[in-house]
Amino acid sequence: MPEKVLIIVPTYNERENIKPLVNGIFSSLKDYNVNILFIDDGSPDGTADEIRELQKEDERIKLIEREKKMGLGRAYVEGFNFAIRNGYSHVFEMDADLSHRPEYLPLFLELAKDYDLVIGSRYVKGGGVKNWSWIRELISRFGNIYSRFILGFPFKDSTAGFKCFRIEVLKAIKPETLSSEGYSFQIENVWRAWKKGFKIKELPIIFYERERGKSKMSRKIVFEAILKVVELRFKSFRRMPF
């Protein structure tokens, strides 16, 4: 069993999703030593207030508050560094909007006995998406095919945001040097782990479109991912350190 598990959840205007997410995580991992780290970017809807209320009842809930919206990638970098400093053995990335179902968490940890990075994959056999528009699924699938072709790795869902890392992976990929956001952040951390020779496994999951709140997807995030893949390929040719 993992010694100490940290689930990192970046938030922006997710107040109504916090309590069901917390209940789902602790219910699914009741036999594990688990903490949840929320990283809130100054949500105007009072997300941080909701988290602080839950902290009064459960010391396993942690909160980092940032004054303004600083992006998904920077939130995860801050969370990764928190995990390294505080001696966690396994670290999750997880969305706040309930699109990543907590019941998958034990399956990740079971696979993490044999693998260094487990990716919750929508595009391997048994995986899928629910309630997406055809255009969003097309963009997502194209992004993954494009990344696989340009970077030469075998993963079918490198843009996935539901992951479990062994802490050794995070130490090796040097979180402070990750510069991406959104899709490209996810591609970059998978690529770095792969280049370092870590064992990576894709776990089929069903991804559910959020029921409440607004998606953070934007054209900027998509275009950044396209450019970042080319940059990573260039680094491969140059064998640049990271």
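Here we summarise the structure given alongside this text. (Residues numbered from 1 in each chain as written. Predicted model: local features only at pLDDT ≥ 70, side-chain atom pairs only at ≥ 80, totals over all residues. Heavy atoms only, no water.)

**Observations concerning the overall build of the protein chain**
From N to C terminus, the protein chain includes eight helices and nine strands. Counting all 242 residues of the protein chain, 54% fall into the buried class. Taking as baseline every contact in the protein chain between residues at least 6 positions apart, the subset at least 24 positions apart corresponds to 81%. Per element, the accessible surface of the protein chain, about 11,700 Å² overall, is 53% carbon and sulfur. (Helix = DSSP H or I, 4+ residues; strand = E, 2+ residues; numbered from the N terminus. Buried < 20%, exposed > 50% of the residue type's maximum accessible area, 1.4 Å probe, protein only. Contact = heavy atoms within 4.5 Å. Areas by Shrake-Rupley, 256 points an atom, 1.4 Å probe, with all protein chains shown as cover.)

**As for the environment of Asp157**
Within the secondary structure, Asp157 is located in the loop between α5 (134–151) and β7 (163–166). Every residue in contact with Asp157, bar those within four places of it in the chain, is listed here: Ile119, Gly120, Ser121, Arg122, Tyr123, Asn144 and Glu202. At 2.7 Å, the side chain of Asp157 and the side chain of Arg122 are in polar contact. (Polar contact = N/O pair within 3.5 Å; in protein donor to acceptor, adjacent residues only side chain to side chain.)

**Observations regarding the sheet that holds strand β2 (residues 34–40)**
Strands sit in the order β3-β2-β1-β4-β7-β5-β8 across an open sheet of seven strands; the sheet is mixed. Looking along the sheet, the strands with just one partner apiece sit at the ends: β3 (61–65) and β8 (200–204). If you compare each strand with its neighbour and ignore which way they point, the axes differ by 20 degrees on average. Both strand β5 (residues 117–121) and β7 contribute to a ladder of three bridges, which runs antiparallel. Opposite Val118, over in β7, you have Cys164 as the bridge partner. Packed on one face of the sheet, helix α1 (residues 15–28) meets β1 (5–11), β2 and β3 and runs near 155 degrees to β2. Across the sheet, helix α3 (residues 72–85) is in contact with β1, β2, β3, β4 (90–93) and β7; its angle to β1 comes to roughly 155 degrees. (Pairing = 2+ DSSP bridges. Axes fitted to C-alpha atoms, helices over the stretch in contact; angles between N-to-C directions.)

**A few points about the pairing of β4**
Side-chain alternation along β4 places His90 and Phe92 on one buried face and Val91 and Glu93 on a second face that is also buried. In the sheet, β1 pairs with β4 via four bridges, with the strands oriented parallel. By the bridge assignment, Ile7 is partnered in β4 with Phe92. For β4 and β7, the ladder comprises four bridges, and the chain directions are antiparallel. Within β7, the residue paired with Glu93 across the bridge is Lys163.

**Remarks on the packing of α1 against helix α2 (residues 47–55)**
At a minimum axis distance of 8 Å, the contact between α1 and α2 shows a crossing angle of 30 degrees. The angle between the axes of α1 and α2 places the two elements in the roughly parallel class. Considering the relative orientation of α1 and α2, their crossing is right-handed. Contacts from Arg15, Ile18, Lys19 and Val22 in α1 reach Thr47, Asp49, Glu50, Ile51 and Leu54 in α2. Here the residues of the contact of α1 with α2 are counted per class, giving four nonpolar, one polar and four charged. (Parallel < 35°, antiparallel > 145°, perpendicular 65-115°, else oblique. Left-handed = near helix turned anticlockwise from the far one by under 90°. Nonpolar A, V, L, I, M, F, W, Y, C, P; charged D, E, K, R; others polar.)

**A few points about α5**
A rise of 1.5 Å per residue sets the reference length of α5, with its 18 residues, at 26 Å; its end C-alpha atoms lie 26 Å apart and thus fit the reference within 8%. Taken residue by residue, α5 has Arg136, Ser140, Gly143, Asn144, Tyr146, Ser147 and Leu151 as its buried positions. Summarising the axial view, the buried residues of α5 lie within an arc of 165 degrees, below the 170-degree limit, and thus occupy one face. Seen from the buried face of α5, the exposed residues on the opposite side, beyond 90 degrees, are Trp134, Phe142, Ile145 and Phe149. Immediately downstream of α5, the backbone of Gly152 shows phi near 75 degrees, a positive value. (Expected span 1.5 Å × (residues − 1). Arc of directions from axis to C-beta.)

**Here's the deal with the nonpolar core**
If you look at the biggest cluster of nonpolar residues, it comprises 33 residues, and the most contacted ones within it are Leu6, Ile8, Phe80, Val91, Leu117, Phe153 and Leu170. Contributing elements (two or more residues each) for this core: β1, β2, α3, β5, α6 (167–173) and α7 (182–195). At six residues, the largest contribution of residues to this core is made by α3. Apart from the residues lying within four places of it in its own chain, the contact partners of Leu170 are Phe80, Ile84, Val91, Phe165 and Pro175. (Core = buried A, V, L, I, M, F, W, Y, C linked by side-chain atoms within 4.5 Å.)

Any functional reading would require information that these geometric values do not contain.
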